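Residue strings, one per chain:
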Amino acid sequence: MKVAVCDDQEIFLKAVYNEVKSLSYLEISLFDDSTKLAEEIKNGEYYDLFILDIEMPNLDGMELAKVIKEHIKNPVIIFLTSYTDYVYNAFEVEAFRFIPKENMKDKILSTIEEYVKELSQDKDFYEMSNVKKDKILLSDIVYIDYIQYSQFVNRQFAPAQKKRPPDGGLFL
């Protein structure tokens, strides 16, 4: 699972890394500049989980979360911040959790483990092998069609009429 941690204070980047590095299934990328993470996202980089500070220069965590949401469907965002006044703003970007930095050691591991548990119980994904590594909920897929070396996933976002898939397609 790819995790992006973004905080302009190196001491907190290291603290988060030291807390979560024991989870061997995590591939952790650290960013001390929110604009660099935003550029990676805009260029198609994919992360399964984002741990973001809110108060950062140039691009604050809330604005960064909006950029992430524009480019990644259903991103999982955990805000880790000293500014608890922003807790209600986290609802605007549908954050998974809001953790005050003073509670980080008590909460960050359990929060990630809770997300992983929820993910494994509730959501089954089909991972595309394209450059962006898109993940699509299996329940959104109507059929998958393979033509030569390409795959086409036909998704259903609203109730749709079932049509017979072209040759090679498979209804799920």
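The preceding data block contains the structure.
This one's a predicted model, so the numbers in the text were calculated from it and none came from an experiment. (Residues numbered from 1 in each chain as written. Predicted model: local features only at pLDDT ≥ 70, side-chain atom pairs only at ≥ 80, totals over all residues. Heavy atoms only, no water.)

Peer 1: Teacher, can you tell me more about the overall build of the protein chain here?
Peer 2: Helix and strand content of the protein chain: four helices and 10 strands. Going from N to C terminus, the protein chain has its helices and strands arranged as β-α-β-α-β-α-β-β-α-β-β-β-β-β. When burial is assessed residue by residue, the protein chain has 39% of its 172 residues classed as buried. If you take every contact in the protein chain between residues at least 6 apart in sequence, the share linking residues at least 24 apart comes to 53%. (Helix = DSSP H or I, 4+ residues; strand = E, 2+ residues; numbered from the N terminus. Buried < 20%, exposed > 50% of the residue type's maximum accessible area, 1.4 Å probe, protein only. Contact = heavy atoms within 4.5 Å.)

Peer 1: I tried to follow helix α3 (residues 61-71) on my own but got confused; where do I start?
Peer 2: Owing to its 3.6 residues per turn, the α-helix aligns residues three or four sequence positions apart on the same side. If you check which residues of α3 are buried, you get G61, M62, L64, A65, V67 and I68. On its buried face, α3 sits against β1 (2-6), α2 (34-42), β3 (49-52) and β4 (77-81). At the N-terminal end of α3, a side-chain oxygen is found 3.0 Å from the backbone nitrogen of M62, two or three residues along, and the residue is D60. (Polar contact = N/O pair within 3.5 Å; in protein donor to acceptor, adjacent residues only side chain to side chain.)

Peer 1: Hey, could you run me through unusual backbone geometry in this one?
Peer 2: One can expect most non-glycine residues to show negative phi and most peptide bonds to be in trans. The backbone of N58 sits at a positive phi, close to 70°, despite the residue not being glycine. Among the structural elements, N58 can be located in the loop between β3 and α3. N58 gets classed as exposed once you look at its relative accessible area, which sits at 73%. We note that N74 has phi near 50°; this positive angle belongs to a residue other than glycine. Looking at where N74 falls in the secondary structure, it is placed in the loop between α3 and β4.

Peer 1: When you look at helix α1 (residues 10-20) in this model, what are you seeing that I'm missing?
Peer 2: Turning to α1, its buried residues are L13, V16, E19 and V20. Projection of α1 onto a plane perpendicular to its axis shows the buried side chains occupying an angular sector of 135°, all on one side. (Arc of directions from axis to C-beta.)

Peer 1: Can you walk me through the pattern of salt bridges in this structure?
Peer 2: Where charged atoms from two side chains of opposite charge come close, those side chains can pair. Across all of its chains, the model carries eight salt bridges by this definition. For the salt bridge of D7 with K101, the shortest nitrogen-to-oxygen distance reads 2.7 Å. With D7 in the loop between β1 and α1 and K101 in the loop between β5 (97-100) and α4 (104-122), this pair connects stretches of sequence that are 94 residues apart. Among the salt bridges present, the one from K14 reaches E10, with a minimum N-O distance of 3.1 Å. With K14 and E10 both in helix α1, this residue pair falls four residues apart, about one helical turn. In this structure, a network of salt bridges that share partners links the residues D7, D53 and K101. (Salt bridge = Lys/Arg side-chain N within 4 Å of Asp/Glu carboxyl O.)

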